[in-house]
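# An overview of the molecular structure
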Amino acid sequence: MDDAIPSISTAGVGSRFVSQAELEDAKAKRDEQWKAAYARLGQEPPPQPTDDAYDGRSLAEKLAANRAAKQEEWEERNKLGNQFRALEEDEVLFLDSVLEKQREEERLRKQMDGEELKHFRE
């Protein structure tokens, strides 16, 4: 590399300082190298990710916001489940009686069909 990063062992903080212009030049050079490599392969380079905007919040604030968002999402998913209640005993008895009545009607219908089939075969 022609522009190597100065070594840490170099004396003084100023010699290890890298300016924003140098960073931008290095980024542009790296992008050109990537584009050249993809051009040699005959492929289109993937889109470059955009830099995220600076978020000045502390880590605790970010975690609290994430926790609140997850809690809200969980409540939204489970909101439908909280709308239903258990059946009361009289409702259960009524539904059981309706089910028993349907079974009895089905049994009678099958019995009548069997008798009609028997008469038909005779």
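Residues numbered from 1 in each chain as written. Predicted model: local features only at pLDDT ≥ 70, side-chain atom pairs only at ≥ 80, totals over all residues. Heavy atoms only, no water.

## Examining the overall build of the chain
The line we're drawing: Runs of E in the DSSP output that reach at least two residues are strands. Runs of H or I that reach at least four are helices, and both are numbered from the N terminus. Accessible area is worked out with a 1.4 Å probe on protein chains only. A residue is then buried under 20% of its type maximum, exposed over 50%, and partly exposed in between. Areas reported as accessible are Shrake-Rupley estimates using a 1.4 Å probe. Residue values count occlusion only from the protein chains shown.
Tallying secondary structure elements over the chain gives three helices and zero strands in all. Secondary structure elements in the chain, listed N-terminal to C-terminal, are α-α-α. Looking at the chain as a whole, 0% of its 122 residues are labelled buried. Accessible surface, the chain: about 12,100 Å² in total, of which carbon and sulfur atoms supply 56%.

## A closer look at a nonpolar patch on the surface
Note the cut-off: Exposure above 30% relative accessible area and the lack of any salt bridge qualify a residue for a patch; like charges then connect within 9 Å, and the nonpolar side chains Val, Leu, Ile, Met, Phe, Trp and Tyr within 5 Å. Salt bridge, as used here, is a side-chain nitrogen of Lys or Arg placed within 4 Å of a carboxyl oxygen of Asp or Glu.
Residues L87, V92, F94, L95 and V98 make up a contiguous nonpolar surface patch of roughly 440 Å² in combined accessible area. The topology assignment puts L95 in helix 3 (residues 89–121).

## With respect to helix 1 (residues 20–41)
Put simply, the test is: The span you would expect from a helix comes to 1.5 Å times its residue count less one.
The terminal C-alpha atoms of helix 1, which comprises 22 residues, lie 32 Å apart, in line with the 32 Å expected from a rise of 1.5 Å per residue. Backbone geometry just after helix 1 places G42 at a positive phi near 80°.

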